[in-house]
Amino acid sequence: MKLLQWMVPVLALTSLSCAVGNAQDAERGDNVLQWSWHVEPTEDGASNEVELVLDAQIRPGWILYSSDFVPTDFGPRPAKIVIDKDDERAAVGDARPVGARRGTGKDLDGEFAYTYFSGKAAFRQRVHYQEGTHAVTGVINGQACFEESGLCTLVKQAFSVAVP
């Protein structure tokens, strides 16, 4: 009986420790996003242009802010796709998020609106390139947050994708 009285608190502390450890692992931000990218022909079939598609699988409990909202001084940072611009390639227009949700929040400046993804994210960016270009390269910058605690981390992912 004394052994059982001693084991119950130990098992309870062990369970609590594992739960706290799992929450900390989830909050740490490791492997929040798993990116993939590819190019597709443009809808209008324009020569020397492709549609760059960036997809992300988002870790459960996390959100990724989208690219189509105006940031406030103290609010979330929108995602931004930066194409390595040179004589060979350049972005055409702004990145377009696919399937982003709308949200609102409050900060020191008052109420603000934003868009975000949970579960998965997709961005499309039209890119013009010169003959002889072999790849579209660049980086996507953004912000991801763990909803339960509000912990946020900045996101920066380089990409390189071959063009046809």
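What you are looking at is a predicted structure, and each value in this text was computed from that prediction instead of being measured. (Residues numbered from 1 in each chain as written. Predicted model: local features only at pLDDT ≥ 70, side-chain atom pairs only at ≥ 80, totals over all residues. Heavy atoms only, no water.)

Peer 1: Any details on the state of the cysteines? Residues and values, ideally.
Peer 2: Scanning the entire structure with this criterion turns up 1 disulfide. Here Cys-145 engages in a disulfide with Cys-152; their sulfurs sit 1.9 Å apart. The sign of the S-S torsion, about 105°, decides the handedness of the disulfide formed by Cys-145 and Cys-152: right-handed. The buried category is assigned to Cys-145, whose relative accessible area is 5%. (Disulfide = S-S within 2.5 Å. Buried < 20%, exposed > 50% of the residue type's maximum accessible area, 1.4 Å probe, protein only.)

Peer 1: How would you summarise the side chain of Arg-126 if you had to cite specific residues and measurements?
Peer 2: Tracing the sequence through the fold places Arg-126 in strand S8 (residues 120-129). For Arg-126, a relative accessible area of 19% puts it in the buried group. Only 2.4 Å separates the side chain of Arg-126 from the side chain of Glu-49, close enough to count as a polar contact. Leave out the neighbours within four places in its chain, and Arg-126 touches Thr-42, Asp-44, Ala-46, Glu-49, Val-50, Glu-51, Ala-90, Ala-91, Val-92 and Arg-96. (Helix = DSSP H or I, 4+ residues; strand = E, 2+ residues; numbered from the N terminus. Polar contact = N/O pair within 3.5 Å; in protein donor to acceptor, adjacent residues only side chain to side chain. Contact = heavy atoms within 4.5 Å.)

Peer 1: Before we move on, could you go through the nonpolar core and cite the residues and values that matter?
Peer 2: In terms of nonpolar packing, the biggest core is built from 28 residues, with Trp-35, Leu-52, Leu-54, Leu-64, Ile-81, Phe-123 and Val-136 touching the most fellow members. Taken together, the elements giving at least two residues each to this core come down to strand S1 (33-41), strand S2 (49-58), strand S3 (62-65), strand S4 (80-83), S8, strand S9 (135-146) and strand S10 (152-162). Here the element with the most residues in this core is S2; it accounts for 5 residues. In this view, Val-136 contacts Val-50, Leu-52, Ile-83, Arg-89, Val-127, Phe-159, Ser-160, Val-161 and Val-163; residues no more than four positions away in its chain are not counted. In this structure, Ile-63, Phe-69, Phe-112 and Tyr-114 belong to the second largest nonpolar core, which totals 7 residues. (Core = buried A, V, L, I, M, F, W, Y, C linked by side-chain atoms within 4.5 Å.)

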